[in-house]
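Observations on the model geometry
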Amino acid sequence: MHISILSLGLLATQVLGHGLITKPWPRTPGALSLAACGPTVTNNIKGDNTSHVEGLPEAAMTDAKYNAAECNLWLCRGLQLEESAKANVIAYTPGQKVSMSVKISIKHHGTANVSIISTKTNKIIGDELLYWDKYADERLPAMPANNTQFDVVIPTTLGSQCANAGDCVLQWWWYGTAARQTYESCVDFTVAPTMPMLEKRFEA
Ligand SMILES: *[C@@H]1O[C@H](CO)[C@@H](O)[C@H](O)[C@H]1NC(C)=O
Ligand SMILES: *[C@@H]1O[C@H](CO)[C@@H](O)[C@H](O)[C@H]1NC(C)=O
Ligand SMILES: *[C@@H]1O[C@H](CO)[C@@H](O)[C@H](O)[C@H]1NC(C)=O
Ligand SMILES: [Cu+2]
């Protein structure tokens, strides 16, 4: 049995994992995540699905199966859209309101956002949908309701950028400033392209 100092460190931080999206159903580990990230990352997330990113890239490097570029731990914690999940990817319409829930098991004051990310570039499409300048503040007597329950509105300007399953994710991102811990959780969705030419014709 091999217990390296790194994996012991990882076990210690696992106890401290703290957040993920619970509604809509987020990405979870499976065969594709394992192929891209290797067992160190997927076992970490299976062990605690609220775990943070810090420490994972270093721990994963010792893993022959880890492909940093394919895994991309700074997008959805490396979780990929699994084949078995493709049938359940949600089709949204432009302008649709989406209710989201997040589970926070331990608080760390910081900032958070929800945005639509292009998975090819790992860049935000448009503006952040939501931003909290104060989030998960353990110094408050109670957590504001909107830290764990909130709505986002699907933009009407996506065009065909999120037409196919896996093109885009709705990513919740929380950074605990003093804890220096990053939490990422992603929902897969599609938005069918609108037909601007057709709309113009009707307007004329
Ligand atoms: C995360 O883990 C909890 C506790 O093990 C489990 O109940 C929940 O279904 C998991 N959620 C996801 C998205 O994996
Ligand atoms: C917001 O999200 C992006 C990734 O989508 C991240 O790079 C950025 O640091 C986040 N900002 C905050 C304050 O959470
Ligand atoms: C969350 O609620 C607080 C008030 O408790 C408000 O100041 C803040 O703008 C809200 N943030 C978001 C992102 O809805
Ligand atoms: Cu922590």
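Preceding this paragraph is the structure being described.
What comes next concerns the included structure. In this convention, every chain numbers its residues from 1, walking through the sequence in written order. For naming, the first written chain is A and the first written ligand is 1, with later ones following in the order written. The predicted origin of the model limits local features to residues at a pLDDT of at least 70 and limits the giving and counting of side-chain atom pairs to 80 or more, whereas totals for whole chains, interfaces and linings rest on all residues. Computation of side-chain values: all heavy atoms of the structure, hydrogens and water removed.

1. Some points on the sheet that holds strand β7 (residues 149–153)
The criterion, for reference: Strand pairing follows a simple DSSP-based rule, namely that at least 2 bridges must link the two strands. Runs of E in the DSSP output that reach at least two residues are strands. Runs of H or I that reach at least four are helices, and both are numbered from the N terminus. Angles here are taken between N-to-C directions and fall from 0 to 180 degrees, while the axes themselves are lines fitted to C-alpha atoms, restricted in helices to the stretch in contact.
Strand order across the open sheet formed by three strands is β1-β3-β7, with antiparallel pairing between neighbours. Looking along the sheet, the strands with just one partner apiece sit at the ends: β1 (19–23) and β7. With strand direction ignored, the average angle separating the axes of adjacent strands in the sheet is 40°. In this sheet, strand β3 (residues 97–104) lies alongside β1 in antiparallel orientation, the contact comprising four bridges. Along β3, the bridge assignment pairs leucine 20 with lysine 103.

2. Points about the coordination of the copper ion (ligand 4)
To keep it simple, the criterion reads: For Na, K and Ca the donor cutoff is 3.2 Å, while for all other metals N, O and S atoms must lie within 2.8 Å; water is not among the atoms, so some sites may look incomplete. When a residue's accessible area, from a 1.4 Å probe over protein chains only, is under 20% of the maximum for its type it is buried; when over 50% it is exposed; and in between it is partly exposed.
Every protein donor of the copper ion (ligand 4) is listed here as His18 (NE2), His108 (NE2) and Gln181 (OE1), and their distances to the metal cover 2.0 to 2.2 Å. One chain supplies every donor to the copper ion (ligand 4), and in sequence these donors are spaced H-x89-H-x72-Q. Remark: histidine 108 occurs in the loop between β3 and β4 (110–118) and histidine 18 occurs in the loop between α1 (5–14) and β1; sequence separation between them is 90 residues. The burial state of histidine 18 is the same as that of histidine 108; both residues are buried.

3. Looking at the site of ligand 2
This is how the line gets drawn: If a single non-hydrogen atom of a residue is within 4 Å of a molecule or strand, that residue counts as near it. For this analysis, a polar contact is any N or O atom pair within 3.5 Å, provided that within protein one partner can donate a hydrogen and the other can accept it, and provided that sequence-adjacent residues contribute only side-chain to side-chain pairs. Put simply, Ala, Val, Leu, Ile, Met, Phe, Trp, Tyr, Cys and Pro go in the nonpolar bin, Asp, Glu, Lys and Arg in the charged bin, and everything else, Gly too, in the polar bin.
Every residue close to ligand 2 is listed here: Thr111, Ala112, Asn113, Ser115, Ile117, Glu128, Tyr131, Gln171 and Trp173. Contacts to ligand 2 include asparagine 113, whose side-chain N or O atom sits 2.5 Å from an oxygen atom. Taken together, the elements giving at least two residues each to the shell around ligand 2 come down to β4 and β8 (168–176). A per-element tally of the shell around ligand 2 places β4 first, with five residues. Residues that form the shell around ligand 2 fall into these classes: four nonpolar, four polar and one charged.

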